[in-house]
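Observations on chain architecture
Single-letter residue listing:
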Protein chains: 2
Amino acid sequence: MSMERLVAAINEKNNPTVAGLDPKLDFIPEFIKAECFTEFGETLEGAAEALYRFNTGLIDALWEIVPAVKPQAAYYEMYGWQGVRALERTIRYAQSKGMYVLTDGKRNDIGATMQAYTAAHLGKIKVGSQERIPFGADGLTVNGYLGSDGINPLLEVCRAEDKAIWVLVKTSNPSSGELQDQKLADGRSVYEAMGSMCEEWGRDSIGASGYSAVGAVVGATYPEQLRELREKLPHTFFLVPGYGAQGGGAEDVRFAFDKQGGGAIVNSSRGIMCAYRKTGADERDFAQAAREEALRMKEDLLAVRC
Amino acid sequence: MSMERLVAAINEKNNPTVAGLDPKLDFIPEFIKAECFTEFGETLEGAAEALYRFNTGLIDALWEIVPAVKPQAAYYEMYGWQGVRALERTIRYAQSKGMYVLTDGKRNDIGATMQAYTAAHLGKIKVGSQERIPFGADGLTVNGYLGSDGINPLLEVCRAEDKAIWVLVKTSNPSSGELQDQKLADGRSVYEAMGSMCEEWGRDSIGASGYSAVGAVVGATYPEQLRELREKLPHTFFLVPGYGAQGGGAEDVRFAFDKQGGGAIVNSSRGIMCAYRKTGADERDFAQAAREEALRMKEDLLAVRC
């Protein structure tokens, strides 16, 4: 149960970037879709196969320079169980290349049901006498609105399987403040209260890096809150969405890092996936374009990191 | 976009009950598992087939007396994409029997990604020139921690497809108060603030029943809060978990109903699914036992409803 495997992967690649894999059909080069529709028809199966081929192309181009990928569950569920199968295949493929896989599912439920989500995404289950691994990601994003009951089952599996979680604290979207910025009677905001809960949930899993297995999602689009939370949550590793397409720049995300340049990983989804559209490259060069954007982003982050 | 289809289904059956379909293998009669493992091995495919056969047995026994089912996504994801396929098959089977299907997914994300979840669970997607329906449930539970951006995409699809959503307000678990009961500076609790947001989100979809397409999840285990929220949220239809196995009784859930006996649907999952274990019935009579428990619960609720 720790954040150490991710920290090691970031250090090895010297790159605090996670590549978001949110492969809706609109983002996928036409030639891949044409191949898959010819083979499987204009079906959910065909769509899911296109997702998978796009992802493997990206992973092949990225695994040497980027330590982690973050598939967003919504973009797989959108293509039915066939899409969810593509999620599972994507996770295994990325892991076969040594990448850390963080499923962005924002799952949440009461205790008994959260055990099921935990087994699904991070753990194992028993089928008769056999043990099976349903999805087997390395980390999962979760929503803490339900409190400890919904987090404790995750901590148990994180301990048993050396996995990590990220709790939504201050999200990157424009309306995140409607609830998250509300002031509590004790003077804290709701997001601060959630952040404190992360420190508490992580108390028993602080590793050599100084960070626990319980991270927080804090958006790059709110640099002030990022800076404030970095100070108040010294053992909480940040997953930072909102860089690039959502408007956050390196100047904004730099507040996510600690004084040693650690403590955070920054996500880019469309920026990397759809780089081929910005460079004017032939769509068949989508993977090379993604790699170049990932290298540019790495330099951008390293320049401000500390 | 409305709650009217569900209200009509409740009135038709004169039963404000939704049967939770949370079919983990532990709950499934041995003879079903034995059949499926013989056919498919002790695999995720075998497990998923057992889920589906258990569900269809329950649906066959319940559809004439219970208006709705609530599959909990976690218990399907736990068996990998094969389990998620069983979810999709279960939704279609229940709908073929005229049941209203409410997927309990507690999904949540920023706007662009929430569009994907919405299309996945309630809407349609384009694959090439074809329109496909990934899961096609009638309703979905969601988490509102991210604010309006995460809710608006749902409202659009609810409008286009006459669907409904339920937002977590006060959940049934013991630790729900850690965040939800925190007092805001303006004197409201976090759950009250979330409840007010439901009224606001539902403003433009109030139907003939007086309720909007935006419902709230409020646990039977907190009867005081249930009573308080029923008064404060006059247009918000409640989905009430926590009856039965979690400790809530009819005396507790009665506060969920309005003065006309409307405005709420009460969930029972294990109570109905696992009724065969309590009656001492042969496990082959699981469906009959579920039906008898559903009839008992109906009488229990009708007696207190008003």
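See the structure shown above.
Overview of the structure. What you see is a predicted model; the values in this text were computed from it and never measured.

**Observations concerning the overall build of chain A**
Across its full length, chain A carries 14 helices and 10 strands. Its C-alpha atoms give chain A a radius of gyration of 19 Å, within 12% of the compact-globule value 19 Å for 306 residues. Along the three orthogonal principal directions, the C-alpha set of chain A runs to about 60 × 50 × 35 Å. Looking at the 306 residues of chain A, the share that counts as buried comes to 64%. Intrachain contacts of chain A at a sequence separation of at least 6 include 72% that bridge at least 24 residues.

**A word on the interface of chain A and chain B**
If you look at the interface, chain A gives 62 residues, while chain B gives 62 residues. Mapped by element, the contributors of at least two residues to the side of chain A that touches chain B are α3 (44-62), α4 (74-77), α5 (80-96), α6 (111-121), β4 (125-127), β5 (130-132), α8 (177-180) and α9 (190-202) of chain A. Counting residues per element, the side of chain A that touches chain B draws most heavily on α6 of chain A, at six residues. A class-by-class count of the residues in the side of chain A that touches chain B yields 30 nonpolar, 21 polar and 11 charged.

**Here's the deal with the sheet that holds strand β10 (residues 264-268) of chain B**
Residue and element names in this part refer to chain B. Spatial strand order, β1-β2-β3-β6-β7-β8-β9-β10: eight strands in a closed barrel with parallel pairing. Geometrically, the sheet is characterised by an average inter-axis angle of 30 degrees between neighbouring strands, direction not taken into account. Pairing geometry for strand β1 (residues 17-21) and strand β2 (residues 68-71), over four bridges, is parallel. For Ala19, the partnering residue across the bridge sits in β2 and is Val69. The sheet contacts of helix α1 (residues 4-13) involve β2, β3 (100-107), β7 (164-170) and β10, and relative to β3 the element is tilted by about 130 degrees.

**Examining the relation of the copies chain A and chain B**
Two copies of a chain can be linked by a rotation about an axis combined with a shift along that same axis. With an RMSD of 0.0 Å, the operation that places chain A on chain B is a rotation of 180 degrees combined with a shift of 0.0 Å along the axis. In symmetry terms, the pair is related by a two-fold rotation axis. Of the residues that chain A buries at the interface, 100% are likewise interface residues in chain B, meaning the two copies contact each other through the same surface.

**Things to note about unusual backbone geometry**
One non-glycine residue with positive phi stands out, namely Asp162 of chain A, at about 55 degrees. Its location among the elements puts Asp162 of chain A in the loop between α7 (152-161) and β7 (164-170). Among the residues examined, Asp162 of chain A registers 17 C-beta atoms within 10 Å and is labelled partly exposed. With a phi close to 50 degrees, Lys106 of chain B is a non-glycine residue in the positive phi region. With respect to the helices and strands, Lys106 of chain B occurs in strand β3.

**Digging into the pairing of β10 of chain B**
Consecutive side chains of a regular strand alternate in pointing toward one face of the sheet and then the other. Residues and elements named next belong to chain B. Here β10 lies mainly inside the structure; five of its five residues are buried. Here β10 shows two buried faces, one formed by Ala264, Val266 and Ser268 and the other by Ile265 and Asn267. When β1 meets β10, the two strands line up parallel, connected through three bridges. Bridging from a neighbouring strand, Ala19 pairs with Ser268 of β10. One ladder, built from three bridges, connects strand β9 (residues 238-240) with β10; its direction is parallel. Note that in β10 the partner of Phe238 across the bridge is Ala264.

**Section: α9 of chain A**
For an α-helix, 3.6 residues make a turn, and residues three or four places apart therefore share a direction. Taking 1.5 Å of rise per residue, 13 residues should cover 18 Å, and α9 of chain A covers 19 Å from first to last C-alpha, within 8% of that figure. Turning to α9 of chain A, its buried residues are Val190, Tyr191, Glu192, Met194, Gly195, Met197, Cys198, Trp201 and Gly202 of chain A.

**As for the environment of Gly215 of chain B**
Residue and element names in this part refer to chain B. Looking at the secondary structure, you find Gly215 in strand β8 (residues 214-218). Distance from Gly215 to Lys24, taken between C-alpha atoms, is 27 Å for residues 191 residues apart in sequence. In this structure, Gly215 is in contact with Met3, Ala164, Ile165, Trp166, Thr236, Phe237, Phe238 and Leu239, ignoring residues within four places of it in sequence.

**So, the environment of Arg227 of chain A**
Of note, Arg227 of chain A is situated in helix α10 (residues 223-232). By C-beta crowding, Arg227 of chain A is classed as partly exposed, having 15 other C-beta atoms within 10 Å.

**Thoughts on helix α3 (residues 44-62) of chain B**
Given a rise of 1.5 Å per residue, 19 residues ought to cover 27 Å, and the 27 Å separating the end C-alpha atoms of α3 of chain B matches this to within 8%. With 15 of 19 residues buried, α3 of chain B is to be regarded as a mostly interior element.

**Thoughts on the packing of α5 of chain A against helix α5 (residues 80-96) of chain B**
Taken N-terminus to C-terminus, the directions of α5 of chain A and α5 of chain B make an angle of 170 degrees; their axes are 9 Å apart at the nearest point. As judged from the angle between their axes, α5 of chain A and α5 of chain B are roughly antiparallel. Here Gly80, Trp81, Val84, Arg85 and Glu88 of chain A of α5 of chain A come into contact with α5 of chain B, specifically with Gly80, Trp81, Val84, Arg85 and Glu88 of chain B. Residue composition of the contact of α5 of chain A with α5 of chain B, by class: four nonpolar, two polar and four charged.

**Concerning the sheet that holds strand β3 (residues 100-107) of chain A**
All names here are of chain A. Taken in spatial order, the eight strands close into a barrel running β1-β2-β3-β6-β7-β8-β9-β10, and their pairing is parallel. When strand polarity is set aside, the average angle formed by the axes of neighbouring strands in this sheet is 30 degrees. Here α9 sits on the sheet and contacts β7 and β8 (214-218); the angle it forms with β7, its principal contact strand, is near 160 degrees.

**What to know about the nonpolar core**
By size, the foremost hydrophobic cluster in this structure holds 218 residues, and its most contacted members are Val167, Val240 and Ala290 of chain A together with Val167, Val240 and Ala290 of chain B. Setting aside residues up to four positions removed in sequence, Val240 of chain A forms contacts with Val218, Gly219, Ala220, Val253, Ala256, Ala264, Ile265, Val266 and Asn267 of chain A.

**What about the pairing of β3 of chain A?**
Residue and element names in this part refer to chain A. In terms of residue burial, β3 counts as a mostly covered element, since eight of its eight residues are buried. Residues Tyr100, Leu102, Asp104 and Lys106 of β3 are buried on one face, and the alternating residues Val101, Thr103, Gly105 and Arg107, pointing to the opposite face, are buried as well. Where β3 and strand β6 (residues 139-142) come together, three bridges link them in parallel fashion. Within β6, the residue paired with Thr103 across the bridge is Leu140.

**Some points on the packing of α3 of chain A against helix α14 (residues 286-305) of chain A**
Residue and element names in this part refer to chain A. Packing of α3 against α14 brings their axes to within 8 Å, and their N-to-C directions diverge by 45 degrees. Taken together, α3 and α14 sit at an angle that is classed as oblique. By crossing handedness, the relation of α3 to α14 is classed as right-handed. The segment α3 lies against α14, with Gly57, Leu58, Asp60, Ala61 and Leu62 engaging Phe286, Ala287, Gln288, Ala290, Arg291 and Ala294.

So, how was this worked out
Residues numbered from 1 in each chain as written. Chains lettered and ligands numbered in written order. Predicted model: local features only at pLDDT ≥ 70, side-chain atom pairs only at ≥ 80, totals over all residues. Helix = DSSP H or I, 4+ residues; strand = E, 2+ residues; numbered from the N terminus. Rg over C-alpha atoms; globule rule 2.2 N^0.38 Å. Buried ≥ 20, exposed ≤ 12 C-beta atoms within 10 Å, placed from the backbone. Contact = placed C-beta atoms within 7 Å. Nonpolar A, V, L, I, M, F, W, Y, C, P; charged D, E, K, R; others polar. Pairing = 2+ DSSP bridges. Axes fitted to C-alpha atoms, helices over the stretch in contact; angles between N-to-C directions. Least-squares fit on C-alpha atoms with pLDDT ≥ 70 in both. Expected span 1.5 Å × (residues − 1). Parallel < 35°, antiparallel > 145°, perpendicular 65-115°, else oblique. Core = buried A, V, L, I, M, F, W, Y, C linked by C-beta atoms within 7 Å. Left-handed = near helix turned anticlockwise from the far one by under 90°.

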